[in-house]
Amino acid sequence: MAGGGIDPGPGNGKEYPGELTLYVTVTCIVAAMGGLIFGYDIGISGGVTSMDSFLEKFFPSVYRKEKADTSKNQYCKFDSQTLTMFTSSLYLAALLSSLVASSVTRKFGRKLSMLFGGILFCAGALINGFAQAVWMLIVGRILLGFGIGFANQSVPLYLSEMAPYKYRGSLNIVFQLSITVGILVANVLNYFFAKIDGGWGWRLSLGGAMVPALIITVGSIVLPETPNSMIERGRHEEAKAKLLRIRGVHSVDEEFNDLVTASEASKQVEHPWRNILQRKYRPQLTMAIMIPFFQQLTGINVIMFYAPVLFRTIGFGDDASLMSAVITGGVNVLATMVSIYGVDKWGRRFLFLEGGSQMLICQVLVAIFIGVKFGVDGNPGDLPKWYAIVVVLFICIYVAGFAWSWGPLGWLVPSEIFPLEIRSAAQSINVSVNMFFTFIIAQVFLTLLCHLKFGLFLFFAFFVIIMTIFVFFFLPETKNIPIEEMVVVWKQHWFWSRFMTDVEYTNGGTVEMGKGGDAFKKV
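Computed from a predicted structure; not experimentally measured. (Residues numbered from 1 in each chain as written. Predicted model: local features only at pLDDT ≥ 70, side-chain atom pairs only at ≥ 80, totals over all residues. Heavy atoms only, no water.)

### Quick notes on the overall build of the protein chain
Tallying secondary structure elements over the protein chain gives 23 helices and 2 strands in all. Split into buried and exposed, the 523 residues of the protein chain put 63% on the buried side. A sequence separation of at least 24 residues applies to 81% of the contacts in the protein chain between residues at least 6 apart. Total accessible area on the protein chain is roughly 18,500 Å²; 67% of this is exposed by carbon and sulfur atoms. (Helix = DSSP H or I, 4+ residues; strand = E, 2+ residues; numbered from the N terminus. Buried < 20%, exposed > 50% of the residue type's maximum accessible area, 1.4 Å probe, protein only. Contact = heavy atoms within 4.5 Å. Areas by Shrake-Rupley, 256 points an atom, 1.4 Å probe, with all protein chains shown as cover.)

See below:
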């Protein structure tokens, strides 16, 4: 592919035997439900912050501004740093906890990290549901953030290590499917809870986060540990027995031996955070930073955080705005299923590039539609219903493009490219960058909307162009490559091969971990 990556077929590297067993399928589905807590929170925040009873109790200045604003400027009605801090404080907490989660995940296993995530999220949901003051909301959000940090650090790694390499993409994307289901459920609940007499429905919305928290908590207790994690902690016999059951074949000697070799190499690395800065890990480190950075600058969280607020801004009433958020949530779920079907058939690069192009076109069209009707003063005048529906239609097409490309692949690709010796540290970097820019976008979105107006969509469209070009030139194809053999894609890439001078690999050969993890040799 001109200027792009490579598509290493099954012949480039080892082909470990393994079937998609019922056991591993159920295990991965249960683990992937850890995404429910992240999705539920994303979906619930925007709906709650658009409920008058919630604003009146905790953010009265925003409520008064909204009710008293007679300027008709729809762009600036909700511009409040206090309100956005309620939403975005969670992501700073998730950033910090993901760094701690790296050590927990590596030393004590993926399961314990998932358990911590569930317990912390459950505590945050309880505090938010019974909140009487803003400080209780913020404390609850911080605990929710700690929970998300642990879950997002461990679940994608768990899935990538458990899944047979030929099905790794599909099973890993179930995590993103859980996120989208969480968003949809939250939007549906917001729609109905907003109608409760007495205006206390927001308590049910926030407290309802306990349900997905309990799911991941119980799931982490009953799930098996990954063979990789067992080997890291010296439980070799258990790991081999577990690998046999997971793969559903009679012999896993080749894969098991490679896992042991990789584990021994990883133990030579005393400081994975320092090690990840080595030249030979430059490709993985770059992707661990750039992919989550670009994922947040697609503008998707603008839609998901503030969908009800956004739809009220473009002329929908209270109920209609919440229902529009439900519609986009449904599109999100269905489109993610397309990715589950196609990621191991069409490849990661195809979905990245197609999704990026689709999002770009829709963002430009939405900017034009809003710009034509709202202008720069934010006064749409008499906004025809069909006009608002057209805007929602293009937003839905945009959401679909994200949901089968940058949404799931933003978690899948980083989780499958890291060598074992830096895997936990690199995944923490991935989660931290993701949460940092999620925080930034959540915190500045309403201010940007007030100042950039319809140009905000063009702002994000610019980054979609940049990230699509980045994928075309710098991201190699990783489908059908065993996770412990991923070095081949970097060694054969036109650009990244220059950083792999201490790695020996010849196309068509089989790669093997050398001593200390410093070299791979053709055998």
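### A look at the confidence of the model for the protein chain
Where the model shows low pLDDT, its predicted coordinates should not be examined in detail. Within the protein chain, residue pLDDT values average 82, and 85% of them lie at 70 or more. Confidence drops under pLDDT 50 across residues 1-12; counting only partners more than four residues distant or on other chains, this segment forms 36 contacts. Contacts from residues 504-523, a stretch scored under 50 in pLDDT, to residues over four places away or in other chains number 49 contacts. (pLDDT = per-residue confidence, 0-100.)

### Focus: the side chain of S205
Checked against the element boundaries, S205 lands in helix α9 (residues 201-207). For S205, the side chain forms a polar contact with the side chain of N190, separated by 2.9 Å. (Polar contact = N/O pair within 3.5 Å; in protein donor to acceptor, adjacent residues only side chain to side chain.)

### Focus: unusual backbone geometry
In the Ramachandran plot, N480 falls in the positive-phi region, its phi being about 60 degrees despite a non-glycine side chain. Along the chain, the position of N480 falls in the loop between α22 (455-474) and α23 (487-491).

### What about the pattern of salt bridges?
For the structure on display, the rule yields 11 salt bridges. E232 is paired through a salt bridge with R110; the nearest N and O atoms lie 3.1 Å apart. With E232 in helix α11 (residues 227-232) and R110 in helix α6 (residues 110-129), the pair connects residues that are 122 residues apart, well separated along the chain. Across the pair, exposure class does not vary: E232 and R110 are buried alike. Between R235 and E238 there is a salt bridge whose closest N-O contact spans 3.0 Å. When salt bridges that share partners are traced, they join R110, E161, E232 and R423 into one network. (Salt bridge = Lys/Arg side-chain N within 4 Å of Asp/Glu carboxyl O.)

### Focus on the packing of helix α8 (residues 168-193) against helix α20 (residues 406-417)
Running from amino to carboxyl end, α8 crosses α20 at an angle of 135 degrees, the nearest separation of the two axes being 9 Å. Comparing their axes, α20 and α8 come out oblique. Relative to α20, the crossing made by α8 is right-handed. Here α8 contributes R168, G169, N172, I173, F175, Q176 and I179 to the contact with α20, which in turn contributes G407, P408, L409, W411, L412, S415 and E416. Broken down by class, the residue content of the contact of α8 with α20 amounts to 7 nonpolar, 5 polar and 2 charged. (Axes fitted to C-alpha atoms, helices over the stretch in contact; angles between N-to-C directions. Parallel < 35°, antiparallel > 145°, perpendicular 65-115°, else oblique. Left-handed = near helix turned anticlockwise from the far one by under 90°. Nonpolar A, V, L, I, M, F, W, Y, C, P; charged D, E, K, R; others polar.)

### Details of the packing of aromatic side chains
Counting across every chain of the model gives 33 aromatic pairs. Summarising the aromatic geometry, the rings of F294 and F470 are spaced 5.5 Å apart at their centres and angled 55 degrees between planes, so their arrangement reads as tilted. Here the residue F294 occupies a position in helix α15 (residues 282-296), and F470 occupies one in helix α22, the gap between them amounting to 176 residues. Considered together, F294 and F470 belong to a single accessibility category, that of buried residues. For K195, the ring lying beneath its charged end belongs to Y191, and the centroid distance is 4.7 Å. For R245, the ring lying beneath its charged end belongs to Y23, and the centroid distance is 3.8 Å. (Phe/Tyr/Trp six-rings, centres within 6.5 Å; stacked < 30°, edge-to-face > 60°. Lys NZ or Arg CZ within 6 Å of the ring centre and 35° of its normal.)

### A look at the nonpolar core
Counting residues in hydrophobic clusters, the biggest one holds 126 residues, and the most contacted among them are F54, F59, W406 and M435. Contact partners of F54, with chain neighbours within four places excluded, come to V48, T49, F59, F86, L137, W202 and L206. Core analysis: the next-biggest nonpolar cluster, separate from the first, contains 9 residues, I231, V249, V252 and L259 among them. (Core = buried A, V, L, I, M, F, W, Y, C linked by side-chain atoms within 4.5 Å.)

### Some words on α6
Compared with an ideal rise of 1.5 Å per residue, which puts 20 residues at 28 Å, α6 spans 29 Å between its outermost C-alpha atoms and is within 8% of the ideal. Of the residues making up α6, those classed as buried are R110, S113, M114, L115, G117, G118, F121, C122, G124, A125, N128 and G129. (Expected span 1.5 Å × (residues − 1).)

### Topic: the packing of helix α12 (residues 236-247) against helix α13 (residues 253-267)
Taken N-terminus to C-terminus, the directions of α12 and α13 make an angle of 135 degrees; their axes are 10 Å apart at the nearest point. It follows that α12 is oblique to α13 by the angle criterion. Our pair here, α12 against α13, has a crossing hand that is right-handed. The residues of α13 that touch α12, namely those facing H236, A239, K240, L243 and R247, are D253, E255, F256, L259 and V260. Partitioned by chemical class, the residues of the contact of α12 with α13 number 5 nonpolar, 1 polar and 4 charged.

### A short note on the environment of P292
Tracing the sequence through the fold places P292 in helix α15. The buried category is assigned to P292, whose relative accessible area is 0%. On a C-alpha basis, the gap between P292 and M435 in space is 8.5 Å, while along the polypeptide they are 143 residues apart. Setting aside anything within four residues of it in sequence, one finds P292 in contact with M287, N430, V433 and N434.

### Focus on a nonpolar patch on the surface
Among the surface-exposed residues, F462, I465, I466, I469, F473 and W494 lie close enough to one another that they form a single nonpolar patch of about 540 Å² accessible area. Mapping F473 onto the fold places it in helix α22. (Patch = residues over 30% accessible without salt bridge, like charges linked within 9 Å, V, L, I, M, F, W, Y side chains within 5 Å.)

### Describing the environment of F352
Mapped onto the elements of the fold, F352 is located in helix α18 (residues 348-374). Along the primary structure F352 and G401 are separated by 49 residues, whereas in three dimensions their C-alpha atoms are 9.1 Å apart. Apart from residues no more than four positions distant in its own chain, F352 is found in contact with S405, W406, L409, G410, V413, V471 and L475.

### Examining the environment of T27
Along the chain, T27 turns up in helix α1 (residues 22-32). Since its relative accessible area comes to 5%, T27 is described here as buried. On a C-alpha basis, the gap between T27 and V222 in space is 9.4 Å, while along the polypeptide they are 195 residues apart. Residues within four places of T27 in sequence aside, it is in contact with Y158, M162, L223 and P224.

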